Amino acid sequence: MVGRQVVYAPCKINLHLGIHAQTDERGYHYVDSVMAPVGLFDEVTVDDAPFFAVRHEPALEVPPEKTTVWKAATMLAEELHTKLNLRIDIKTRIPEKAGLGGSSADAGAALRALCARWGVDVNDPRVVDVARRVGADVAFFLNPEPSLYLGAGDMLTETFPALPLPAVIVKPAGDGVSARAAYEEFDRDPSEPVSYGDMCRALREGSVEGVREHIFNNLAPAAKALQPGCAEAESWLEAQPETRGALVSGSGSCAFALCDGLGAARAVAERAGGEQGWWSFATLTVGKPEEVC
């Protein structure tokens, strides 16, 4: 018997998301992604069991065998020639189809827990390869800290110093936007992204104003076309006196805004829930892996 591992899975916001029209040999778009983890967590628990099982609370609409956690665990076990005599339980708080990386966060946290269980470094090339095969954002969640990922958004290129940024996240009403649908919509009218250089420079220098000035997402128009609520949420956030820059996160449907302080973010989140009826959350970006592991 090995015992229990508990790992917390933060979600993420894209401070810069640049989608290119060109694709790689796998058919994946080239992506420039500057991500920061934020303090909204799922809880992933791995425990001894006679046979492998995955359980989400609340339950997902898809069967366990179709989840990213199942895929990540079975692929890593196969890569390491290890038996899956365990159960993985996920308590979810991160909304689905929200552009926050919830399923990727859970898969990354499960891989971290399994690495701890099996005595494997999370940076082991075999682990990183599994993460990249499960999904583009999963590699980020192996070491969730402010980072630049290139390639298909799955190749770590640079990490940045901690820069806690107060943020408010809102999710408008609706079913959300799947990443696949957003990319298909993007392909109907692709655009070239601006450079990620200014955002990276601001993070290196610890410039809050620079980060606020250079947030970018050229996948946002596709998300807004698929769910007009994304545009409404972004516009509403931009109009609030406490916010300092608003943007659709990832492929949507959430939008986030940066604020001067956590109190300001909480005030905006309260209005979003009370006046608009939206799911909302006030939080901080998280700067170090040990703060979430």
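Summarised in this report is the structure supplied together with it. Note that the coordinates shown come from a computational prediction; the quantities given were computed from them, not determined experimentally. (Residues numbered from 1 in each chain as written. Predicted model: local features only at pLDDT ≥ 70, side-chain atom pairs only at ≥ 80, totals over all residues. Heavy atoms only, no water.)

Assigned secondary structure in the protein chain consists of nine helices and 11 strands. Against the 2.2 N^0.38 benchmark of 19 Å for 293 residues, the protein chain shows a C-alpha radius of gyration of 18 Å, consistent with a compact globule. Each principal axis of the C-alpha atoms in the protein chain carries an extent, and together these give about 55 × 40 × 35 Å. When each of the 293 residues of the protein chain is scored for burial, the buried share is 56%. Pairs at least 24 apart in sequence give 74% of the contacts found in the protein chain among residues at least 6 apart. Looking at the protein chain as shown, the accessible area adds up to about 12700 Å², and 49% of this sits on carbon and sulfur atoms. Charge separation in the protein chain, taken as the distance between the mean sites of 27 positive and 41 negative side-chain charges, equals 5 Å. (Helix = DSSP H or I, 4+ residues; strand = E, 2+ residues; numbered from the N terminus. Rg over C-alpha atoms; globule rule 2.2 N^0.38 Å. Buried < 20%, exposed > 50% of the residue type's maximum accessible area, 1.4 Å probe, protein only. Contact = heavy atoms within 4.5 Å. Areas by Shrake-Rupley, 256 points an atom, 1.4 Å probe, with all protein chains shown as cover. Lys, Arg positive; Asp, Glu negative; His and termini not counted. Charge placed at Lys NZ, Arg CZ, Asp CG, Glu CD.)

What follows is about the packing of helix H1 (residues 68–80) against helix H2 (residues 102–118). One way to put it is that H1 packs onto H2 with a least axis distance of 8 Å and a crossing angle of 35°. As H1 packs across H2, the resulting crossing turns out to be right-handed. On H2, the residues touching Thr68, Val69, Ala72, Ala73, Leu76, Ala77 and Leu80 of H1 are Ser103, Ser104, Asp106, Ala107, Ala110, Leu111, Leu114, Cys115 and Trp118. Tallied by class, the residues present in the contact of H1 with H2 amount to 12 nonpolar, three polar and one charged. (Axes fitted to C-alpha atoms, helices over the stretch in contact; angles between N-to-C directions. Left-handed = near helix turned anticlockwise from the far one by under 90°. Nonpolar A, V, L, I, M, F, W, Y, C, P; charged D, E, K, R; others polar.)

All right, on to the pairing of strand E5 (residues 147–150) then. In E5, alternate side chains face the same way, and those of Ser147 and Tyr149 on one face and Leu148 and Leu150 on the other are all buried. Across three bridges, strand E2 (residues 29–48) lies against E5 in antiparallel orientation. Bridge pairing links Met35 to Ser147 in E5. Sheet topology note: the E5/strand E6 (residues 155–159) ladder contains four bridges and is antiparallel. Looking across to E6, one finds that Tyr149 is bridged to Leu156. Here E5 hands over to E6 after four residues, with Gly151 in that stretch at a positive phi of 70°. (Pairing = 2+ DSSP bridges.)

All right, on to the sheet that holds strand E7 (residues 166–171) then. What the four strands build is an open sheet, ordered E9-E10-E7-E11; its pairing is antiparallel. For this open sheet the edge positions go to strand E9 (243–248) and strand E11 (279–284), each flanked by a neighbour on one side alone. Averaged over all pairs of adjacent strands, the angle between strand axes in this sheet comes to 20°, irrespective of strand direction. Two strands pair when backbone bridges link them, and E9 and strand E10 (residues 255–259) are joined in this way by four bridges, in the antiparallel orientation.

Here we take up helix H8 (residues 228–239). Over its 12 residues, H8 runs 17 Å from end to end, which matches the ideal 16 Å to within 8%, given 1.5 Å per residue. Buried-residue contacts for H8 involve E7, helix H7 (220–226), E9, E10 and helix H9 (262–276). (Expected span 1.5 Å × (residues − 1).)

If charged atoms from side chains of opposite charge come close, those side chains can pair. On inspection of all chains with the given rule, the structure shows 18 salt bridges. Here Asp89 ties to Arg55 by a salt bridge, and the two come within 2.8 Å at their closest N and O atoms. Of this pair, Asp89 sits in strand E4 (residues 86–91) while Arg55 sits in strand E3 (residues 53–57), and the two are 34 residues apart along the sequence. What emerges from the salt-bridge pattern is a single network uniting Asp24, Arg26, Arg132 and Asp154. (Salt bridge = Lys/Arg side-chain N within 4 Å of Asp/Glu carboxyl O.)

Look at the link from Glu57 to Pro58: it is a cis peptide, with omega at 0°. Relative to the assigned elements, Pro58 resides in the loop between E3 and H1. Residue Ser253 is reached from Gly252 by a cis peptide bond, and omega for that bond is 20°. Structurally, the position occupied by Ser253 is in the loop between E9 and E10. A positive phi angle, near 55°, is found at His81, a position not held by glycine. A relative accessible area of 74% means that His81 is categorised as exposed. One non-glycine residue, Lys97, lies in the positive phi region at around 50°. Turning to its location among the elements, Lys97 is positioned in the loop between E4 and H2.

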